[in-house]
Amino acid sequence: MHYSGAVYRPPSEARSLIVQCTLGCSHNKCAFCTMYKDKKFSINPIEQVLSDLDEARAYGRYIEKIFLADGDALILPMEYLLTVLDYIRDHFPTCKRVAAYATTKAIMRKTDDELRTLREHGLGIVYIGLESGNEELLKKFCKGVTAEEIVLNAIRCKQAGIATSVTAINGMAGANGDWQSHAIDTAKAVSRMKPDYIAFLTLRVYSGTPLHDWIASGEFKMMEPPELMRETRLFLEHIDSDGSIFRSNHASNYLPLGGTLNRDREALIQLLGKQGGLLSDYAWGRDHSPVRPAGQRPPPKSIGNGLTFRRNLVGLEEIRTGLDLLSDPVAARLRRHQMKCGSL
């Protein structure tokens, strides 16, 4: 297999066969990103890609998903893409989905008919970076396209039958920026796109990026975990994307969240309200529990016992014996703490 430099893929493509069709990213100017700074964008020879597919097939693995790397495989010419997709269809009968990153500019280069053709030949899902629905932030971070362009072209992919997974970035406005507008504008943009999947990541800092320089100069201040929770809550309060699978469980996220919108939206908001307060206390070193002498433990809130039996209990006598094994230790602990059973 031919791999050049670091190879990146979305978390959901962890078990996919990764085939490097391009090197790097065709844009490669986002102020927060270093993923492809070590590469100059180029297209790998089609013969090399087909050879890699043959090599992977020779290993005899059961392959359900294939990811076309690097950062912008959709920008490839139609003839190239169709050759690869048809080869996968003909030689990997167990493959259920082919995926790729897609910049908005790459989608714009494809007509509606071409997008439908790609879907018909096996392209199942594209990963699109929205980052923010706020136009000023997209300009600041050198995204290279407007929020309106991202929204319209994500919709075009869905209309062509290609599933979409959209990424937004928590904390992108900074603690000293207009985080409310970022949260609300991003929610509005995602609501219009109604993607199949929403990935809500957290902004991270890498040396050598403009973002790193902004922080060093004091121009940009990173958000603390409680502030990030507040922004996430505001985002969820303004989103309307029924059926979208929401995930905020990336390695960058402080609090893992997941659910299906709009069904689980209120539950996620409630969870943020509770966990946000805990994160705030942890961040500031607050401890509201009473001070106790060393070695003194608080009284138990409940007393219980559990046991996994090696086999199913059969008959009333075996069940009684099992209950005795469970209840005797509970009774002993109740007596030790001078407690009585209130419910069973």
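Everything that follows concerns the structure shown earlier in this document.
As a starting point, this report considers the structure included with it. The structure displayed is predicted, hence computed values, not measured ones.

**Some thoughts on helix α1 (residues 46–58)**
The terminal C-alpha atoms of α1 lie 19 Å apart, and with 13 residues this matches the ideal 18 Å at 1.5 Å per residue to within 8%. Here α1 has its buried residues at V49, L50, D52, L53 and A56. Down the axis of α1, the sector holding all buried residues measures 155°, keeping them to one side. Opposite the packed face of α1, turned more than 90 degrees from it, sit the exposed residues E47 and A58. Tucked inside the fold, the buried residues of α1 contact β1 (17–20), β4 (65–69) and α2 (78–91). G60 lies just past α1 and shows a positive phi near 75°.

**Observations concerning the layout of surface pockets**
Considered as a void within the structure, the largest pocket measures approximately 1500 Å³ in volume. Forming the boundary of the largest pocket are 50 residues, of which M35, Y101, E131, T167 and L201 lie nearest the centre. Elements with a minimum of two residues in the lining of the largest pocket: β5 (97–101), α3 (104–108), β6 (123–131), β7 (163–170), β8 (197–202) and β9 (245–248). Looking at the lining of the largest pocket residue by residue, the class counts come to 24 nonpolar, 15 polar and 11 charged.

**Focus on the packing of aromatic side chains**
By the definition in use, this model includes 10 aromatic pairs. Relative to F141, the ring of F32 lies with its centre 6.0 Å away and its plane at 50°, an arrangement referred to as tilted. Of this pair, F32 sits in the loop between β2 (22–23) and β3 (42–43) while F141 sits in the loop between α5 (135–140) and α6 (147–159); the two residues are 109 residues apart in sequence, bridging distant segments of the chain. You'll find F32 and F141 in the same group, each marked buried. Look at F200 and F246: their rings are 6.2 Å apart centre to centre, the planes differ by 40°, and that puts the pair in the tilted class. In this pair, F200 sits in strand β8 while F246 sits in strand β9, placing the two residues 46 residues apart along the sequence. Take F200: its relative accessible area is 2%, and that puts it in the buried class. Here F246 falls in the buried class, since its relative accessible area comes to 0%. Every member of this aromatic cluster is reached through a ring pair, and the members are F32, F141, W214 and F220. Residue placement shows K140 over the ring face of W214; its charged tip is 4.1 Å from the ring centre.

**A word on the pattern of salt bridges**
As enumerated under the stated definition, the model contains 14 salt bridges in all. One salt bridge in this structure joins K143 and E131, with 2.9 Å as the shortest N-O distance. On the criterion of sequence distance, the pair formed by K143 in the loop between α5 and α6 and E131 in strand β6 is long-range, its members being 12 residues apart. Residue K143 shares its accessibility class with E131, and that shared class is buried. Of the charged contacts in the structure, one is a salt bridge between E318 and R311, with a shortest N-O distance of 2.9 Å. On the basis of relative accessibility, which here comes to 27%, the residue E318 falls in the partly exposed class. Look at the salt bridges and you will find they share partners, linking D86, R89 and D90 into a network.

**Describing the sheet that holds strand β10 (residues 257–260)**
Sheet architecture is open: eight strands sit in the order β1-β4-β5-β6-β7-β8-β9-β10, paired in mixed fashion. Taken across any chain shown, the strands that pair with only one partner, and hence form the sheet edges, are β1 and β10. For this sheet, the mean inter-axis angle between neighbouring strands, taken without regard to orientation, is 20°. In this sheet, β4 lies alongside β1 in parallel orientation, the contact comprising four bridges. From the neighbouring strand, L17 faces β4, where its bridge partner is I66.

**A short note on the side chain of T186**
Examined against the element boundaries, T186 turns out to sit in helix α7 (residues 179–193). On the accessibility criterion, T186 (1% relative accessible area) is buried. Among the polar contacts made by the side chain of T186, one reaches the main-chain amide nitrogen of G133 at a distance of 3.0 Å. If near-sequence neighbours (up to four positions away) are discounted, T186 is found in contact with L130, S132, G133, A168, S181 and F235.

**What about empty space enclosed by the protein?**
Evaluation of the coordinates by the stated rule reveals one cavity of 30 Å³ or more. Each pocket or cavity is described by its volume, and for the largest cavity that value is around 50 Å³. Around the largest cavity, the lining residues are N170, T202, L228, M229, T232, S248, N253, Y254, L255, L257 and L272. Ranked by residues supplied to the lining of the largest cavity, first place goes to helix α9 (residues 225–238) with three residues. Residue composition of the lining of the largest cavity, grouped by class: six nonpolar, five polar and no charged.

Analysis parameters
- Residues numbered from 1 in each chain as written.
- Predicted model: local features only at pLDDT ≥ 70, side-chain atom pairs only at ≥ 80, totals over all residues.
- Heavy atoms only, no water.
- Helix = DSSP H or I, 4+ residues; strand = E, 2+ residues; numbered from the N terminus.
- Expected span 1.5 Å × (residues − 1).
- Buried < 20%, exposed > 50% of the residue type's maximum accessible area, 1.4 Å probe, protein only.
- Arc of directions from axis to C-beta.
- Contact = heavy atoms within 4.5 Å.
- 1 Å grid on protein atoms, 1.4 Å probe; cavity = no way out; pocket = protein on both sides within 12 Å on 5 of 7 lines; lining within 4 Å.
- Points joined across faces, edges and corners; volume = space filled by probe spheres on them.
- Nonpolar A, V, L, I, M, F, W, Y, C, P; charged D, E, K, R; others polar.
- Phe/Tyr/Trp six-rings, centres within 6.5 Å; stacked < 30°, edge-to-face > 60°.
- Lys NZ or Arg CZ within 6 Å of the ring centre and 35° of its normal.
- Salt bridge = Lys/Arg side-chain N within 4 Å of Asp/Glu carboxyl O.
- Pairing = 2+ DSSP bridges.
- Axes fitted to C-alpha atoms, helices over the stretch in contact; angles between N-to-C directions.
- Polar contact = N/O pair within 3.5 Å; in protein donor to acceptor, adjacent residues only side chain to side chain.

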